[in-house]
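Understanding the architecture of this molecule
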Amino acid sequence: MLFKKWFHSKGKVFHRILWMNSIIMLVFMLILFLVVWNYYNDVVAQRELDKNTRTLERIETYFNHKQDYVRSVFNGLHQADKVEIIEGISYFVNHTYTEYYEYKLNKYKQNPSSIPNDFEQYVYDSFIEETDVVAVTITGTENEANQYTDAFHYYDWSKIQKGEAQSFTVVKGIRNPGTLIPLAEAKVYYNFDGIQHFVETSNERNEHIYIYDRDKNVIFSNGNALLDEILPVSSETGLETLSDHDYYVNRLFDERTGLLIVGVIPSDGLVAFTFVHFTIIIVTFTLCMFAIIVTYLTMRKYAKRIDMIVQSMEHVQRGNLKVQIPDDSQEDELTTISNSFNKMLTDLNHYINIVYVSEIKQKEAKMKALQSQINPHFLYNTLETIRMKAIAEGSKTTSQMIMYLGKMFRYSLHGKDVVRVEDELAHVHHYLNLFQIRYHNTLQVEEIVSDKLKVYKMLKFTIQPIIENYLIHGIRKTETSNVLQIKFEEKDERLVIVIKDNGKGIRPDRLQQIRDMLSGANGMGDSLGMQNVHERIQLMYGESYGLHVDSVLDQGTTVSIFMPVQQELIQLTKGS
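Residues numbered from 1 in each chain as written. Predicted model: local features only at pLDDT ≥ 70, side-chain atom pairs only at ≥ 80, totals over all residues. Heavy atoms only, no water.

1. Looking at the overall build of the protein chain
Looking only at helices and strands, the protein chain features 17 helices and 16 strands. Buried positions account for 37% of the 576 residues belonging to the protein chain. Contacts spanning at least 24 positions in sequence make up 62% of the contacts within the protein chain whose residues lie at least 6 apart. Accessible surface, the protein chain: about 34900 Å² in total, of which carbon and sulfur atoms supply 56%. (Helix = DSSP H or I, 4+ residues; strand = E, 2+ residues; numbered from the N terminus. Buried < 20%, exposed > 50% of the residue type's maximum accessible area, 1.4 Å probe, protein only. Contact = heavy atoms within 4.5 Å. Areas by Shrake-Rupley, 256 points an atom, 1.4 Å probe, with all protein chains shown as cover.)

Next up, the structure:
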């Protein structure tokens, strides 16, 4: 009841989502655990079946090797040096034992060697090294009563004859090499000592091996006798129920010998609880806990963000319109809601300021504007009075300096931000005339501008701060070889002003600082004029325009100013 109350409690969306995710994770991990568990059990079972298959293949190879060896032994009788042995076999199967032994004795007397060269010796020499050969028999094809037997293991041979033991028999016919007429039939009887050795060395899980002949009779078995009757019914390989127990049955049929070799592995205990099973359980449990913890931490983070949004809304309800939801680096729906909420409050505060504050600020701005106009006019009129006084007293140089300064001051009082090129050049001329009066014959000025460009529009107070920077930091005031070039040109729909000097130049590290300042990386106090010009151009026309500085130490400096041409300027000026 308590759990149901907690699950359905108001404001516990986080808990319900966490609970549902945990259930889904547990079910998924349980399914994954069962799949991996069964897969591993199948792998183990298949591995054991593969091992049993290799045992069956070794047994099959064993039988094929014995069959090949017997054939090679009796096929060797067709060689030229074995003619006497074939004649002995032919004489044996067509005569009585007494006649054969008389024939054998005569041959022995005629043979200068003490070692007999008859088929009995040939058989003995060929199979004496085969430890699992029980006996070899040679029976006449037409007279089956004439049978030769060479028993290598008399005890096993007697049990086989009595039917008390099974054997594996390889049969090979013997023909007359000249006429190819069948003479006899050789049979080699093998016991199952070699097979038993294979089974014992590979029997790690109580495996059973059954071998059936063509008539489905069991000729070898090391397992339950009850299985002997039911195994031959099927020819498939897999899990079968035999005698109320489950077994993995593996079958291999040898077409050469006609033998069916069956391997039987009890399923009980085949897949025991191992370290791998323990590892699967631990890994599954760990993954479940990890998934639940990660889900909890993730949902908890989202829950905190939701609570923050709710608290901000409550602040707004209480009249606090300055509240802002902190920015989040994640890009999701909650971030969209937070940004929209912040923008709504920002716009709301903006509209309130427009309605209640803008009129007061407008009145204050008008008063300050009127005051700012009074002071410059007063200063200009005062300068004009001083100039007239200097003329009256005969000081022409002083009056000229005051006149140039007054014209520069009047130019600054001009209310427009965009002027013609020729007006900006006139302002530069006044400034340079003041410098020339103080430092006579120190500076040569070259001015390159066409009449077409003189009527182009440009931003006010653009050239004079650059020249002032040169006169303060770059000019060699004790020399008369100083040259300043001011060049105007139009390139790619842009007005390009190049101000070039042959002054002291700028150190590389200092030049990099200036370029960083122009790019906005930092600000430089002693390059305020250059920075001011660059920022005003970019504010007026955009970031694709502005200043670019090149300099070589002790050789000079080149400042390039980029602005739009006349048509673009006119449109922007009207827009402003």
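2. A closer look at the sheet that holds strand 4 (residues 182–190)
In spatial order, the strands read 2-1-4-3; together these four strands make up an open sheet with antiparallel pairing. With partners counted over all chains shown, the strands left at the sheet margins are strand 2 (147–151) and strand 3 (168–175), one partner each. Adjacent strand axes in the sheet meet at a mean angle of 15° when their direction is disregarded. Across seven bridges, the pairing between strand 1 (residues 133–140) and strand 4 is antiparallel. Residue T137 lies in a different strand from strand 4, and its bridge partner there is K187. Its contacts with the sheet place helix 3 (residues 83–94) against strand 1, strand 2, strand 3 and strand 4, and it is angled at close to 95° to strand 4. (Pairing = 2+ DSSP bridges. Axes fitted to C-alpha atoms, helices over the stretch in contact; angles between N-to-C directions.)

3. Topic: the sheet that holds strand 14 (residues 494–501)
Here five strands make up an open sheet; going across it, the order is 11-13-14-16-15 and the pairing mixed. The open sheet has two edge strands, strand 11 (443–448) and strand 15 (546–552), and neither has a second partner. On average, each strand axis in the sheet is tilted by 15° relative to the strand beside it, whichever way the strands run. In this structure, strand 11 lies alongside strand 13 (residues 482–491), joined through six bridges in parallel fashion. Its bridge partner being in strand 13, E446 is matched across the sheet by Q485. Of the strands in this sheet, strand 11, strand 13 and strand 14 are in contact with helix 12 (residues 421–438), which crosses strand 11 at around 170°. Contacting strand 15 and strand 16 (556–564), helix 16 (residues 528–541) runs over the sheet at an angle of about 145° to strand 15.

4. With respect to the nonpolar core
Across soluble globular proteins, you tend to see nonpolar side chains buried next to one another. I463, I467, L471, F488, I497, I537 and L547 are the most contacted members of the largest nonpolar core, which totals 45 residues. Considering each element in turn, this core owes the most residues, seven residues, to helix 12. Ignoring any residue separated from it by four or fewer positions in sequence, one finds I463 in contact with E424, L425, V428, M458, F488, I497 and I499. Formed by 42 residues, the second largest nonpolar core is a distinct cluster that contains V73, A184, I195 and I219. (Core = buried A, V, L, I, M, F, W, Y, C linked by side-chain atoms within 4.5 Å.)

5. What to know about the packing of aromatic side chains
Scanning the model with the defined rule gives 17 aromatic pairs in all. Measuring from centroid to centroid gives 5.7 Å for Y62 and F63, while their planes differ by 65°, and the two rings are edge-to-face. Look at F63 and you get buried, because its relative accessible area is 1%. Pairing Y91 with Y103 gives two aromatic rings, centres 4.2 Å apart and planes at 15°, and the pair type is stacked. (Phe/Tyr/Trp six-rings, centres within 6.5 Å; stacked < 30°, edge-to-face > 60°.)

6. Some points on unusual backbone geometry
Phi angles above zero are rare outside glycine, and N441 is one such case at about 55°. With respect to the helices and strands, the residue N441 is situated in the loop between helix 12 and strand 11.

7. Considering the packing of helix 3 against helix 4 (residues 97–110)
At a minimum axis separation of 9 Å, helix 3 and helix 4 run at an interaxial angle of 155°. By the angle between their directions, the pair helix 3 and helix 4 is classed as roughly antiparallel. Residue-level inspection shows E84, E87, G88, Y91 and F92 of helix 3 in contact with helix 4, the latter providing Y97, E99, Y100, Y103 and K107. Split into classes, the residues belonging to the contact of helix 3 with helix 4 amount to five nonpolar, one polar and four charged. (Parallel < 35°, antiparallel > 145°, perpendicular 65-115°, else oblique. Nonpolar A, V, L, I, M, F, W, Y, C, P; charged D, E, K, R; others polar.)

8. Description of the environment of T141
Summarising the element assignment, T141 is placed in the loop between strand 1 and strand 2. Classification of T141 as partly exposed rests on a relative accessible area of 39%. Those residues in contact with T141, other than ones at most four positions away along the chain, are P182, L183, A184 and E185. Polar contacts involving the side chain of T141 include one to the main-chain amide nitrogen of A184, which spans 3.2 Å. (Polar contact = N/O pair within 3.5 Å; in protein donor to acceptor, adjacent residues only side chain to side chain.)

9. Things to note about the environment of V73
Tracing the backbone through its elements, the reader meets V73 in helix 2 (residues 13–75). Owing to a relative accessible area of 6%, V73 belongs among the buried residues under this scheme. Distance from V73 to Y122, taken between C-alpha atoms, is 9.1 Å for residues 49 residues apart in sequence. Setting aside anything within four residues of it in sequence, one finds V73 in contact with Y122, S126 and F127.

10. Details of the side chain of T257
With respect to the secondary-structure elements, T257 resides in the loop between strand 8 (245–254) and strand 9 (259–266). Polar side-chain contacts of T257 include one of 2.8 Å to the side chain of D254. At 3.4 Å, the side chain of T257 and the backbone nitrogen of L259 are in polar contact. Not counting chain neighbours up to four residues away, the residues in contact with T257 comprise F63, N64, Q67, F168 and R214.

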